[in-house]
Amino acid sequence: MYRKIVIVLFFVSSLLAQKIEINAKLFEGSKDNQTGVFSKDVSIKQGNDFLNCQVLTIKTNKDNKISSYEARNVTSFSITMADSVFKGRADKIFYDVNKNSYELSGNVKIKENNKELVADYIYINQKDGTYKVKSNKENKPVKLIFEIAK
């Protein structure tokens, strides 16, 4: 399941590496700060895959290449990888291009077929293949639900 989650999160980085469509009610950019902020009902679409959030902040380096992005109030996403469809949500998704790492935080839920992962925080580093899943709240465990094949 964790490897599949890594695949899901790879989608988010590939969104910005390939041709995509971003729609929002407002865009604000700053050449001095090298940032672009899409806000109010942001939708990102690539083929059949999508991500919906309220705010998408993209930071670029001096060469105008994306260095990081942050999606806040991610209400839904759906990604198709191979024969699987991953659906989920999170309060925030942050991706650091140089570290090739993701942080999903706040009410994270990812579903794939009959499998579901619920947590408050997920960290995935694709460079070294490490991950961490945890709950930030007392008495609230990380929850992984799946069916065992008979």
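Look up: the structure comes first, before these words.
Residues numbered from 1 in each chain as written. Predicted model: local features only at pLDDT ≥ 70, side-chain atom pairs only at ≥ 80, totals over all residues. Heavy atoms only, no water.

A. Expanded view of the pairing of strand 6 (residues 84-96). Two elements, strand 6 and strand 7 (residues 101-112), share nine bridges in a ladder whose sense is antiparallel. Bridge pairing links Lys87 to Lys111 in strand 7. Connecting the antiparallel pair strand 6 and strand 7 is a turn made up of four residues, with Asn100 showing a positive phi of about 50°. (Pairing = 2+ DSSP bridges. Helix = DSSP H or I, 4+ residues; strand = E, 2+ residues; numbered from the N terminus.)

B. Expanded view of the pattern of salt bridges. Under the criterion given, the structure shown has five salt bridges. Residues Lys25 and Asp41 are paired through a salt bridge, measuring 3.0 Å at the closest nitrogen-oxygen approach. Taken together, the positions of Lys25 in the loop between strand 1 (21-23) and strand 2 (26-30) and Asp41 in strand 3 (residues 35-46) put the pair 16 residues apart, joining distant regions of the chain. Assessed through its relative accessible area of 63%, Lys25 is described here as exposed. Residues Arg72 and Glu70 are paired through a salt bridge, measuring 3.6 Å at the closest nitrogen-oxygen approach. Taking relative accessible area as the criterion, Arg72 reaches 34% and is therefore assigned partly exposed. (Salt bridge = Lys/Arg side-chain N within 4 Å of Asp/Glu carboxyl O. Buried < 20%, exposed > 50% of the residue type's maximum accessible area, 1.4 Å probe, protein only.)

C. Seen up close, the nonpolar core. Counting 24 residues, the largest nonpolar core has Leu51, Leu56, Leu104 and Ile122 as the members making the most contacts within it. Listed by contribution, the elements that provide at least two residues to this core are strand 3, strand 4 (49-60), strand 5 (66-81), strand 6, strand 7 and strand 8 (115-125). The leading source of residues in this core is strand 5, at five residues. (Core = buried A, V, L, I, M, F, W, Y, C linked by side-chain atoms within 4.5 Å.)

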